[in-house]
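# Structural features, examined
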Amino acid sequence: MNWYLGRLGQYAIVLVAALTLNFFLPRAMPGNPLQFLAGEDVGLLSPEQIAQVQARYGLDKPLWQQYLRYLGSIFTGNWGFSYQAGLPVIETILTRLPWTLLLVGTSLLVASLFGVLFGAIASWYRGGSFDTSSLVGSILFDSLPTFWLGMMLIAIFAVELRWFPIFGAVTPWGPKSGWPYIWDILRHLVLPATTLTLATLSGTYLVMRYSMLDVLGQDYIRTARSKGVQERQVLLKHAVRNALLPVSTVIFLNLGFLVGGATVIETVFSYPGIGTLLFQAVINRDYPVLQGAFLVLTISVIVANIMSDATYPLLDPRVRKGAS
Amino acid sequence: MQVLKRFLVAVSVLVLLTLAFAEHSGRSLRMAITQDEGTLTPYTYQTGYPGYEIMTLIYDTLYLMDANLNPQPWLAADTEISEDGLNYTITLKENLSWQDGEALTSADVAFTMQYFKENLLGRFTTAANKVASVTTPDAQTAVLTLASPDATFLPNSLTDIPILPEHVWSSITDPKTVEEPMGSGPYILAEYRADQFYRLVENPNFWGPKPAFDSIIAPVIRDQTATFQALQAGEIDVAVRNVSPELVERFSSRNDLKIAQGPGFASTIVIMDVTQGALANPAVRQVMAGLIDYNRLIDNLLLSYGTSGPPGFLPPASPVANPNTQEYPKFTPAEAQARLEELGFSKGSDGVYVDAEGNQLEFEFLTYSDNPIRLRAAELIAQDLQAGGFSINIRTMEREALVDRVWPEFDVSKGRSYQMSMFGWSAPVAAQARLGALLHSDPSVGVLNLSGYNNPEIDSLADQAAITSDPEARAALLYDIQEIVAQELPLITLFYQDGIYAYRPAAFDNWTFMAGQGIINKNSFVQK
């Protein structure tokens, strides 16, 4: 129990530190959000008028006062209005979040499944043709620029073959409900999700492969084999299960970054996720959106860590014993 | 096997269904935009182009610029300007109405001016601030009294300010939070999905000319390559983006696409802090401007789709461009070095010239990291200048960081901390010939004077031009200003990129190309 309490205390400290950074880092960037508060031609306003605009949004107050107001607003749930869009920050984030979860979640799932599968097969047949080709393939896809990969997929599968749409998450003039709508969403998901999967697959694959190689060299594998356990049993029961431990950590960590979106891919495919929202907010110095989005991101990373910590003892009895 | 067959049949039915839905019909237009434009009210649209153009499909102005940049009556039927240039008696057209059915009256005009004065917004507050008071003798007449005579008030301000419905906005205290636009314009916003698309539909009760489309769907396509791939694949009918020069030939050769091309008014310039060091010397600036190979910039960066210079700033397509200030005097590297020696500089051991005190002609040259054309232009310019004995250090910066150096807090009275920078002004600066704003030494007039330029002669010419309503007399004053600019070079105008747009003529072929602004303007969206 103490172990969990200690962990929670650590997370509380991390949270406060992250909240503070979320506030100060955007403000440490040169430039300011004036252009988006006073619209175009802000330069035509007089200095007094510019000061008035800043006062309206509390930007004239000393930084520590703004900071206290920000801390207060987090707990009251009033995250303010986006400087750019004029919509509440929470609404701004919530309209993007489902698309990001769909895109990043799908590719995380597929990449994890195939990463584990390919990693296990490759290490089991170490040095074989599958091992070599999958290793080369994963390094290749890992080193290709994501935007280039995305553009290639668009050029081949959307422009030439016309199998998939080029942009967006739905067809603007398409169906709005029922199965045709879901089908439309899935068609739009294929190319960006494939790109993201190819770009992230190698992480899980490499960890799984090395973890398996490590496990396969252990005494208990040799013992199992010498006891006459079937190869299939050795692979599934003894090797894969043990090799999955470090992989689960990697997957949980990825899970934490799920809501951060995938800026490059979202841009290439005009996918309306958190990544592009964040990118635009950084460019425009949209402090309220930056704070809100980073807060959601921070919390999800911490939650993923907590989940990873909490499930690890369940997966690995050795940790359980050590803790008690 | 049977199951698989059934599954395949189901999938193909679904595919056909989607394809059927994907086909658009009637007078609809699919127009790709580049980013989210907020809720499309005058306070929340994001970009001057195309955001303002789309916002003004919903909201109306009193006057509308036509293709040749002449203001035509829009909500206004007629305007009478008093002898002293102070009183504008505006008669509205008859039977004007808001999209919700309410009548649009002179009270809305008076309210709009007041609202923009009280709720600050760079573009419209500045225009509304020219108005000292408004009276409304009757529902169709508004008399606007200016604080001082201003020849540009009708052509620049009355064509720009969107009229707000008093019955909606009178209760709005924070205009940034208005979520539903409602104006008097030809189109109504029917659907908005943030970062995805806008759907505008024809306003069935529009008071004016019939809208050209039943519906306009404007999807956000962020990536340039994806935009033009979508156009080629037939997923969209037009893009608000400029076609990059290397695509023009490929598009021109296709039967299903057409190119509309014309002069652009968005400038690309080099600004300099002319308040200190060697850059304060006009003779040094002349040498620099004479060393730059403008044709190389146009050929390499724009594949010749552009106009070089001119030294007087206003592009040749501007009705008030001075034809005598279109060419820079040339300096070869040898001539430049000879001229520098005349000016009291001497060649240092590393080939860079130094002044009598030993200060090198060495400048930091800022440019945008997100704009490849400007970055490449900076590199080419640096080569040209280095050949003439200057040392140029290019520094790329993110947009806001660069603006923070050259235009801190968007207030020229706050000074500047740069030497040279790539820069550019959006189309309205050249279209409205805002030379006073660019060059006047008083920060409240010369709000765009990023060079810190100070010349009493220009100040007085600009002051006169501001109150001269006779077009020829005003043009003469602007000619004089351009001549001084070409001589003194407080900024070096590099080029004006052509506006090049591609569209599918099968969807719509009746675009209006507005000089300097392109085909995406309100004139294109109503029937002629």
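Residues numbered from 1 in each chain as written. Chains lettered and ligands numbered in written order. Predicted model: local features only at pLDDT ≥ 70, side-chain atom pairs only at ≥ 80, totals over all residues. Heavy atoms only, no water.

### Structural notes on the overall build of chain A
- When its secondary structure is counted, chain A shows 14 helices and zero strands.
- When the helices and strands of chain A are placed in sequence order, the string is α-α-α-α-α-α-α-α-α-α-α-α-α-α.
- Projecting the C-alpha coordinates of chain A onto the three principal axes gives extents of approximately 85 × 60 × 40 Å.
- In chain A, which comprises 324 residues, the share counted as buried stands at 47%.
- Restricting the contact set of chain A to residue pairs at least 6 apart, pairs at least 24 apart contribute 72%. (Helix = DSSP H or I, 4+ residues; strand = E, 2+ residues; numbered from the N terminus. Buried < 20%, exposed > 50% of the residue type's maximum accessible area, 1.4 Å probe, protein only. Contact = heavy atoms within 4.5 Å.)

### Some details on the domain arrangement of chain A
Residue and element names in this part refer to chain A.
- The domain architecture assigned to chain A consists of domain 1 (2-76) and domain 2 (90-313).
- The centre of domain 1, based on its C-alpha atoms, is set 32 Å off from the matching centre of domain 2.
- When domain 1 packs against domain 2, the two sides together hide about 1700 Å² of surface, and 68% of this comes from carbon and sulfur.
- Contact with domain 2 buries surface across domain 1, with Tyr11, Asn22 and Met29 losing the most and accounting together for 30% of the total.
- For the interface between domain 1 and domain 2, the tally reads zero salt bridges.
- When contributions to the side of domain 1 that touches domain 2 are tallied by element, the ones reaching two or more residues are helix H1 (2-28) and helix H4 (63-76).
- Counting residues per element, the side of domain 1 that touches domain 2 draws most heavily on H1, at 13 residues. (Domains from an automatic or database assignment. Buried area = accessible area lost by both parts, 1.4 Å probe. Salt bridge = Lys/Arg side-chain N within 4 Å of Asp/Glu carboxyl O.)

### A word on the packing of helix H5 (residues 89-124) of chain A against helix H8 (residues 178-216) of chain A
Residues and elements named next belong to chain A.
- Between H5 and H8, the shortest axis-to-axis distance is 5 Å and the interhelical angle comes to 35 degrees. In the crossing of H5 with H8, the sense of the turn from one axis to the other is right-handed.
- Of the residues in the contact of H5 with H8, the class split is 23 nonpolar, nine polar and one charged. (Axes fitted to C-alpha atoms, helices over the stretch in contact; angles between N-to-C directions. Left-handed = near helix turned anticlockwise from the far one by under 90°. Nonpolar A, V, L, I, M, F, W, Y, C, P; charged D, E, K, R; others polar.)

### A word on the nonpolar core
- In this structure, B:Phe313, B:Phe390, B:Trp407, B:Met420, B:Phe423, B:Trp425 and B:Leu494 are the most contacted members of the largest nonpolar core, which totals 99 residues.
- With near-sequence residues (within four places) excluded, B:Trp425 lies in contact with B:Phe265, B:Ala266, B:Ser267, B:Ile269, B:Phe313, B:Trp407, B:Leu438, B:Leu448 and B:Leu450. (Core = buried A, V, L, I, M, F, W, Y, C linked by side-chain atoms within 4.5 Å.)

### Looking at empty space enclosed by the protein
- Tallied over the full model, the rule gives five cavities of 30 Å³ or more.
- Roughly 150 Å³ of volume is contained in the largest cavity.
- Put simply, the parts of the chain that give the lining of the largest cavity at least two residues each are H5 and helix H12 (274-284) of chain A.
- Sort the elements by how many residues they give to the lining of the largest cavity and H12(A) lands first, with three residues.
- Here the residues of the lining of the largest cavity are counted per class, giving five nonpolar, eight polar and four charged.
- Roughly 50 Å³ of internal volume is contained in the second largest cavity.
- Taken together, A:Phe167, A:Gly168, A:Ala169, A:Val170, A:Pro172, A:Ser270, A:Pro272, B:Asp195, B:Gln196, B:Phe197, B:Pro219 and B:Val220 make up the lining of the second largest cavity.
- Classifying every residue of the lining of the second largest cavity by side-chain character gives eight nonpolar, three polar and one charged. (1 Å grid on protein atoms, 1.4 Å probe; cavity = no way out; pocket = protein on both sides within 12 Å on 5 of 7 lines; lining within 4 Å. Points joined across faces, edges and corners; volume = space filled by probe spheres on them.)

### Quick word on the interface of chain B and chain A
- With 64 residues of chain B at the interface, the matching set in chain A holds 66 residues.
- Summed over both sides, the interface between chain B and chain A buries roughly 5500 Å², with carbon and sulfur atoms accounting for 57% of that surface.
- Considering only the side of chain B, the residues that lose the most area to chain A are B:Leu120, B:Lys176 and B:Phe410, jointly responsible for 12% of the buried surface there.
- Counting every contact that joins chain B to chain A gives three salt bridges.
- The residue A:Arg96 makes a salt bridge to B:Asp195 at a minimum N-O spacing of 3.1 Å.
- Our count for the contact surface shared by chain B and chain A stands at 11 residue pairs in polar contact (both at pLDDT 80 or more).
- Elements with a minimum of two residues in the side of chain B that touches chain A: helix H1 (2-22), helix H4 (122-128), strand S8 (187-193), strand S10 (215-219), helix H7 (224-232) and helix H13 (399-406) of chain B.
- Counting residues per element, the side of chain B that touches chain A draws most heavily on H1(B), at seven residues.
- Partitioning the side of chain B that touches chain A into residue classes produces 26 nonpolar, 20 polar and 18 charged. (Polar contact = N/O pair within 3.5 Å; in protein donor to acceptor, adjacent residues only side chain to side chain.)

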